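Descriptive structure summary
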Amino acid sequence: MSKIFTRMGDGSGIWMSEAEVRADLEAGMQEAVKRGKVPELTAEDMERLYEIMTDPNKVVSVERGNEVTHSFDAGTLKFGIRGGVPVDRLATILAHERAFASDSMELAHIDYSYKPVKAIAHEERQLMEQVQLNTIIPVLYGAMSNVGLYTKPDGPIENWAELLPMAKIKEAQEAQEEATKHATKDMIYVSEIMYEGGADGMNFDSVGASGDADFLAALKAVEYLKNKFPDMEIEMGMAGEFVLGMHGELTYDGQRLAGLYPHQQVKIAEKAGVTIFGPVINTNSSKSFPWNLARAVTFTKACAEAASIPIHPNAGMGVGGIPLTNTCPMDAMSRASKALVEIGKADGL
Amino acid sequence: MAFGHEMASGMGGVRTAGDLVARVTAKGKKIREAKKYVASKLRVSLFDLSDEALMKELREELNIGHVLARPGAAIGMEAKMRIAKLLDIEINSVNRFKSKAGL
């Protein structure tokens, strides 16, 4: 029996037999079914996933006609900051438009949260105005909701992560409720300024990073903005596959937020007014790439089928089946890209 | 990472109709509906939307911007104003520009 080259969830290369690949695909899919209470992939889906995984070509792609449009988080931070290329953010966006074939882009500040952006929002608007005059592709402004930034000593709120170990449950809940109000206010403040500067829309990224209060803060900001600016394009990308119940009892429109998985999160996001939803499915670095991708595709398909709006699953380092490594190998990345779109029914990444 | 995904599953931005479809999906339309909408406005097939050779000719003909800079061709805001009209959609920066320019 021939061996197939694939990878572990940390990116390291491994050789697996055909039977081992099939077994890991099945186990990854079943893990998602059990954890998220979502439907199994069909036998046809599993066979297609196996074909993608074992394709002898190093790089694979979607079939002609199945192409989708992609969006960004941390858009202008990738080329100029992480890549260390000495170009400004306008030039970065133009490079994406003219050279990197990007369908859309995101203007972002290096301190990628709404709280720090608040202090420089007008200067950010000035750049957004210049960007919009010079570019053709849609350009959103993005940052993280990051409710955790409102805790002492950086903010005015008691730190619930310190209160909870002391069994001060009520105090921890009240602190989160207070932080939510500050975060929502800042997200609305920055968004209004950017939209008035010509932004095509806003991206709320890594939502839920501080738990259910973080998710609620972003939902309330979206609801306000959508009522005020009905044409505003709003993308919401999550921080993890499962909303952590740091508070535990917060609700939106009667739905408890703690414990929601992507196919449930998207319905709440739709109610608030989100126009593109970005589910996250975490990669387990100690499991194989086939296991992780089958798991990610299972969650993604359930989310896509539940959604009335387009979904763009996060498919960067350590999410969406992608191995947890900064320089993701193209063999794994292209397989994840194809599988999330063609089997997971994603509208973009 | 982004470039890899664009090659594996992306439409190709202004090389094709990627930016046009992205504008429609961002308004809440699923990818299939968005492609149909754009294809009907451009009077091409869904298949044609991702064809670089065909879309280069069409984008130049419609003067809505392309990866290749051409003297005298619409760029930036000029191209977006044409895109808003062509797709019959609201583009925030276009509306803002018109207002600021007194158009």
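Refer to the preceding data block for the structure.
Given the structure is predicted, the values throughout are model-derived calculations rather than measurements. (Residues numbered from 1 in each chain as written. Chains lettered and ligands numbered in written order. Predicted model: local features only at pLDDT ≥ 70, side-chain atom pairs only at ≥ 80, totals over all residues.)

**Examining the pairing of strand β1 (residues 3-7) of chain A**
Look at any regular strand and the pattern is simple: side chains alternate between the two faces of the sheet. Residues and elements named next belong to chain A. As judged from the five bridges shared by β1 and strand β2 (residues 13-17), these two strands associate in the antiparallel manner. Looking at the pairing, F5 lines up with W15 of β2. Joining the antiparallel neighbours β1 and β2 is a turn of five residues, in which G11 adopts a positive phi near 100°. (Pairing = 2+ DSSP bridges. Helix = DSSP H or I, 4+ residues; strand = E, 2+ residues; numbered from the N terminus.)

**Looking at the nonpolar core**
Residue and element names in this part refer to chain A. Formed by 130 residues in total, the largest nonpolar core has its most connected members in A218 and V222. Ranked by residue count, the leading element in this core is helix α11 (residues 289-306), at 10 residues. Apart from the residues within four sequence positions on either side, V222 is in contact with F204, I234, M236, A272, G273 and V274. (Core = buried A, V, L, I, M, F, W, Y, C linked by C-beta atoms within 7 Å. Buried ≥ 20, exposed ≤ 12 C-beta atoms within 10 Å, placed from the backbone. Contact = placed C-beta atoms within 7 Å.)

**Concerning the interface of chain B and chain A**
Across the contact, 40 residues belong to chain B and 47 residues belong to chain A. Of the residues contributing to the side of chain B that touches chain A, the split by class is 16 nonpolar, 14 polar and 10 charged. (Nonpolar A, V, L, I, M, F, W, Y, C, P; charged D, E, K, R; others polar.)

**Examining unusual backbone geometry**
Residues and elements named next belong to chain A. The omega angle of the peptide bond from K152 to P153 is 10°, so this bond is cis rather than trans. Here the phi dihedral of K37 falls at roughly 50°; this positive angle occurs in a residue that is not glycine. Judged by the 11 C-beta atoms lying within 10 Å of it, K37 falls in the exposed class. One non-glycine residue with positive phi stands out, namely N146, at about 45°. Within the secondary structure layout, N146 lies in the loop between β4 (139-144) and α7 (160-163).

**Focus on the sheet that holds strand β9 (residues 276-278) of chain A**
All names here are of chain A. Pairing is parallel in the open sheet, where five strands are placed in the order β3-β4-β5-β6-β9. Unpaired on one side and paired on the other, β3 (105-107) and β9 mark the two borders of the sheet. When the angles between neighbouring strand axes are averaged without regard to direction, this sheet yields 25°. Of the strand pairs in this sheet, strand β5 (residues 201-207) and strand β6 (residues 233-238) are connected by five bridges, and their pairing is parallel. Its bridge partner lying in β6, N203 is registered against E235. (Axes fitted to C-alpha atoms, helices over the stretch in contact; angles between N-to-C directions.)

**Looking at helix α9 (residues 212-228) of chain A**
Residue and element names in this part refer to chain A. Taking 1.5 Å of rise per residue, the 17 residues of α9 would be expected to cover 24 Å, and the 25 Å separating its terminal C-alpha atoms lies within 8% of that figure. Taken residue by residue, α9 has D212, A213, D214, F215, L216, A217, A218, L219, A221, V222 and L225 as its buried positions. Buried residues along α9 sit against α8 (169-196), β5, β6, β7 (251-252) and α10 (262-272). (Expected span 1.5 Å × (residues − 1).)

Everything listed here is a matter of geometry and, on its own, says nothing about what the molecule does.
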